Each structure stands twice: as C-alpha cells, then as structure tokens.
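# Descriptive structure summary
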Amino acid sequence: MQDNKKAIGYYIGHIVDQDIRYRASSGGIGTAIVKYLFSFPEYKTSVTFYFDEENCRYIPKLIYQASDINICGSIYQDIDLVGFIRQHLSEISGGIVLTCLPCQVNAIRALLEKHNIPNFIISFVCSGQTTLEGTYCYYRFLGIKKENIKKMQYRGNGWPSGIQIFLKDGTEINRDNYSEPWSLIHRSVLFRPKRCFFCKKDTSYASDISLADPWLDEYIAHDKIGNTMFLVNTNLGQRILLDMSSKNIINTVRSSWELYCKAQAPNVNKEIYVYNKQNFLRMEQKIVENRIYHRVFSLTPFNMKIHLYLMRILDKIYMKRYE
Ligand SMILES: Cc1cc2nc3c(=O)[nH]c(=O)nc-3n(C[C@H](O)[C@H](O)[C@H](O)COP(=O)(O)OP(=O)(O)OC[C@H]3O[C@@H](n4cnc5c(N)ncnc54)[C@H](O)[C@@H]3O)c2cc1C
Ligand code: SF4
C-alpha cells in the first residue's frame, strides 16, 4: 500500500451547481476547479475534449474561457496529452489548468515549468486506460457501425452512469458503467496500453488534486447524481479547495486514508499486485502484443472469453512456478 502521508487531505464532495454535477463524471469537482481558476487573470488557458464525429474519437482542444468547457465525463480512450501540450505550447496564454492521467503529470509539469507557464494539474486515481481500438471493438461487439455514430460518452449524466451512444438516426444506446461487453474488453487487457501493465501508481501525488469515484457502500446505494472522492496533494491545491468551499462553489466533507483505501482497493494495491505478478504480466503483455493472437481473440466476445480462460491457466502456472 502507498504511504498515507502522500496526500495532504482526503475529501468527498460535489459542485453546488446541480446541472454541472449531473453532467460530470462523478461530483463535478474537476469541472468546478477548471471553471473557478478561469475566473482569475493568472489562468487563461485550459484543455477540453470534444467528440470528433468524422473520426469517431475524442480530441483535446485548448480553450480560453469557462463557457467552452465541454462537460463529457471521463474519457476511456488513450490520448497523447504530453504530445498535444508540446505541440501547442506557443498557444498557451497565461497560466494553464488541465486534467491528465497520473502517468502524464510529471512530463506535462516539466514541460510547462521549462517554459515558465504557471500551471494547476488535476489528475485521477487510475485503474488503466484503453486504446481507441478498444472503443472500436466495443461498437463492433454491439453491432454498431462507426459511421452511424454522432456522439458518444463513457460517463457523465448521473452516477455512476455508463456508456452513452447517440446514433445519427436519433437512436440512443445507454449501458451501465462497467457492464458487458466493456467490462470484458477491459478485463481482457487486449486493448490496454503497454505502460498500464506494469503501472504501480494509484494516482500521481505530483498533481495538485486527484479525482476518483467514491466506491463506498453508502454512495453506491443512494447517490444517483454524483460525488467525487478527491485527494489534495499540494498546498496550492489545498488553498484553492478551501477558497471554493468558503465561496460555496463546492460542498465537501473530510474523508480519510482508510476510506480511500476501501473505495480504491485495487488501485491502492497495484504496487503489490505488479510486484507479485511481474513474470505473468510480462508474459501476458507479450502474448497480447502478438498481432495474430490479438486479431483472433478480439474477433468476438466468445473468443475473448477463451483468451481470458487461457490467461487464467497461465496465471496459475506462473503462480506455481514462482511461489
Ligand atoms: C482512464 C481513467 C481511469 C480512471 N480510473 C478510475 C478508477 O479506477 N477509480 C476511480 O474511482 N476513478 C477513476 N477515474 C476517475 C473517474 O472516472 C472520474 O474522472 C473522476 O471521479 C472525476 O470526477 P469529477 O466529476 O470530479 O470530474 P469532472 O468534473 O467530470 O472533470 C473531469 C475532467 O477530466 C477531463 N478528462 C476526462 N477524461 C480525461 C482523460 N482521459 N485525460 C485527461 N482529461 C480527462 C474532463 O475533460 C474533465 O475536465 C479514471 C479516469 C480516467 C480518465
Ligand atoms: S494505469 Fe498507470 S500507466 Fe495506465 S493510464 Fe493509468 S496512470 Fe497511466
């Protein structure tokens, strides 16, 4: 387990604006911070993501005012945000507030500081990303053609919500969070970026704030709009959070390291998991990287289940060999 002193504070809360709270992934704390920082002259730039209908994917975009924030929930589609920031450095005006994956925080922070750009970085507690091809596989399993899709979201519009697909003919498809076949695709790791196999980070403590879902019984049972569990990692993050609370922009209660561990057990235990399973993970990653294997076992949900069965056997063999 990670050291509980890594975060300055643990909280659960939501933005007071009920519309944003509903449209955001969890409780809208991420959107609230971006919106709030835009009200200061120091922060003139942020990054939002919009759905590119033609290429059927999310694309990052620099924005310069709060009204351009596209509230679309978490994007479970791997995006090279470090490359994007590098390419658009000259278009950043003043300071920047942005969200990125834990594995992108250090590189983005270093890039911005090298160019003397003030920054506020929001990250996530992360269980792993999925490549864009994983989403394309999802459409295929549902029998949907990409060219018929007008828009899609992975999260947002209630909690915990799930994947929403809007077709050009007006049909709307809604699937619960982490339901099949997304869960199968995720568990198969056939569309997992290589770096995620060996990732030990629950979050990045170098970010100012880390966002997560409060996967705790009371929220799972009663919360239908959303709350965010979040970690404050820096003094700047703490100051902004207190300001927002005192101005009644967000409602928060103190949480704890213990509740964080309960809500985020698989992520908090990543380090131990990767350490214990390193030989299996190395082999699994090599297998799924094989193009023929990948193609065959991602052809249908049935093939994918066979792949999972094979990986379970492999895991047992490795456990016996290395125990
Ligand atoms: C790949 C991934 C894995 C995650 N894994 C977990 C997990 O295992 N457990 C857990 O509890 N929470 C996880 N989260 C976080 C969770 O899904 C919510 O994003 C979080 O609770 C924030 O909620 P919010 O309502 O406060 O954020 P919002 O108010 O919705 O703001 C979130 C902000 O993040 C931006 N954003 C969304 N996706 C991305 C992305 N891929 N890259 C950069 N910026 C992005 C949005 O544009 C928005 O500005 C994950 C998020 C991602 C993107
Ligand atoms: S699991 Fe680790 S490597 Fe993968 S996206 Fe999350 S932080 Fe990055």
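The protein chain is annotated in an unreviewed UniProt entry as Coenzyme F420 hydrogenase/dehydrogenase, beta subunit C-terminal domain from Bacteroides xylanisolvens.

Looking at where Thr234 falls in the secondary structure, it is placed in the loop between strand 10 (228–232) and helix 9 (235–246). Reaching out from Thr234, the side chain makes a polar contact with the backbone nitrogen of Gly237 at a distance of 3.0 Å. Ignoring sequence-local partners within four residues, the contact set of Thr234 consists of Ile8, Ser207 and Asp208.

Now for the environment of Tyr10. Within the secondary structure, Tyr10 sits in strand 1 (residues 9–15). Put simply, Tyr10 and Leu231 are 221 residues apart on the chain and 4.8 Å apart in space, counted from C-alpha to C-alpha.

Moving on, we get to the domain arrangement of the protein chain. Looking at the protein chain, the domain boundaries give domain 1 (9–128 + 194–271) and domain 2 (277–323). Relative placement of domain 1 and domain 2: their C-alpha centres are 33 Å apart.

Moving on, we come to the packing of aromatic side chains. This structure, assessed with the given rule, holds 14 aromatic pairs. Aromatic ring contacts, followed pair by pair, group Phe51, Tyr58, Tyr76, Tyr138, Tyr154 and Trp182 into a single cluster. The ring of Tyr50 carries Lys61 above its face, with NZ or CZ at 6.0 Å from the centroid. Across from the ring centre of Tyr136, 3.8 Å away, lies the NZ or CZ of Lys146, which sits over that ring.

Most of helix 2 (residues 29–38) sits inside the fold, with nine of its 10 residues counted as buried. Taken together, the buried positions of helix 2 are occupied by Ile29, Gly30, Thr31, Ala32, Ile33, Val34, Tyr36, Leu37 and Phe38.

The subject of this paragraph is the site of ligand 2. Surrounding ligand 2, one finds Leu101, Pro102, Cys103, Cys126, Gly128, Gln129, Arg195, Cys196, Cys199 and Lys270. Elements supplying a minimum of two residues to the shell around ligand 2: helix 4 (102–114) and helix 7 (194–197). Split into classes, the residues belonging to the shell around ligand 2 amount to six nonpolar, two polar and two charged.

Neighbouring ligand 1 are 30 residues, the closest being Ser26, Thr31, Ser74, Asp213 and Gln264. In this structure, an oxygen atom belonging to ligand 1 sits 2.6 Å away from a side-chain N or O atom of Ser74. Between ligand 1 and Gln264 there is a distance of 2.6 Å, counted from an oxygen atom to a side-chain nitrogen or oxygen. Relative to its unbound accessible area of 930 Å², ligand 1 is 95% covered by the protein chains. If you list the elements that add at least two residues to the shell around ligand 1, you get helix 2 and strand 9 (209–212). Top contributing element to the shell around ligand 1 by residue count: helix 2, with three residues.

Another aspect to go through is helix 13 (residues 278–289). Think of an α-helix as turning once every 3.6 residues; residues three or four places apart then point the same way. Here helix 13 is 12 residues long and its end C-alpha atoms lie 16 Å apart, about the 16 Å a rise of 1.5 Å per residue gives. Every buried residue of helix 13 is accounted for by Phe280, Leu281, Glu284, Gln285 and Val288. Axial view of helix 13: buried residues confined to an arc of 130°, hence all on one face.

Per the stated rule, a full pass over the model turns up seven salt bridges. In this structure, the salt-bridge partner of Arg23 is Asp19, at a minimum N-O distance of 2.9 Å. Taken as a pair, Arg23 and Asp19 lie in helix 1 (residues 18–23) at a separation of four residues, close to a single helical turn. Take Arg23: its relative accessible area is 29%, and that puts it in the partly exposed class. Residues Lys168 and Glu53 are paired through a salt bridge, measuring 3.7 Å at the closest nitrogen-oxygen approach. Linking Lys168 in the loop between strand 7 (162–167) and strand 8 (172–176) with Glu53 in the loop between strand 2 (43–52) and strand 3 (57–63), this pair joins segments that are 115 residues apart in sequence. With a relative accessible area of 34%, Glu53 lands in the partly exposed category.

In space, the eight strands of this open sheet follow the order 3-2-4-5-9-10-1-11, with mixed pairing throughout. Each end of this open sheet is capped by a strand with a single partner; those strands are strand 3 and strand 11 (250–254). Ignoring which end each strand starts from, the neighbouring axes of this sheet average 25° apart. Taken together, the three bridges between strand 2 and strand 4 (residues 95–99) define a ladder with parallel strand orientation. Its bridge partner lying in strand 4, Ser46 is registered against Val97. The strands touched by helix 4 are strand 4 and strand 5 (119–124); relative to strand 5, the strand with the most contacts, the crossing angle is about 170°.

In this section: the nonpolar core. Core analysis: the largest hydrophobic core is formed by 56 residues, its most contacted members being Ile85 and Ile165. When residues in this core are grouped by element, the largest group, six residues, is from helix 5 (residues 132–142). Residue contacts for Ile165: discarding those within four places in its chain leaves Tyr138, Tyr139, Leu142, Ile144, Ile149, Lys151, Met152, Thr171, Glu172 and Ile173. Membership of the second largest hydrophobic core comes to 26 residues, among which are Ile33, Phe38, Ile63 and Phe230.

Reading the values: the criteria
- Residues numbered from 1 in each chain as written.
- Chains lettered and ligands numbered in written order.
- Predicted model: local features only at pLDDT ≥ 70, side-chain atom pairs only at ≥ 80, totals over all residues.
- Heavy atoms only, no water.
- Helix = DSSP H or I, 4+ residues; strand = E, 2+ residues; numbered from the N terminus.
- Polar contact = N/O pair within 3.5 Å; in protein donor to acceptor, adjacent residues only side chain to side chain.
- Contact = heavy atoms within 4.5 Å.
- Domains from an automatic or database assignment.
- Phe/Tyr/Trp six-rings, centres within 6.5 Å; stacked < 30°, edge-to-face > 60°.
- Lys NZ or Arg CZ within 6 Å of the ring centre and 35° of its normal.
- Buried < 20%, exposed > 50% of the residue type's maximum accessible area, 1.4 Å probe, protein only.
- Near = heavy atom within 4 Å.
- Nonpolar A, V, L, I, M, F, W, Y, C, P; charged D, E, K, R; others polar.
- Areas by Shrake-Rupley, 256 points an atom, 1.4 Å probe, with all protein chains shown as cover.
- Expected span 1.5 Å × (residues − 1).
- Arc of directions from axis to C-beta.
- Salt bridge = Lys/Arg side-chain N within 4 Å of Asp/Glu carboxyl O.
- Pairing = 2+ DSSP bridges.
- Axes fitted to C-alpha atoms, helices over the stretch in contact; angles between N-to-C directions.
- Core = buried A, V, L, I, M, F, W, Y, C linked by side-chain atoms within 4.5 Å.

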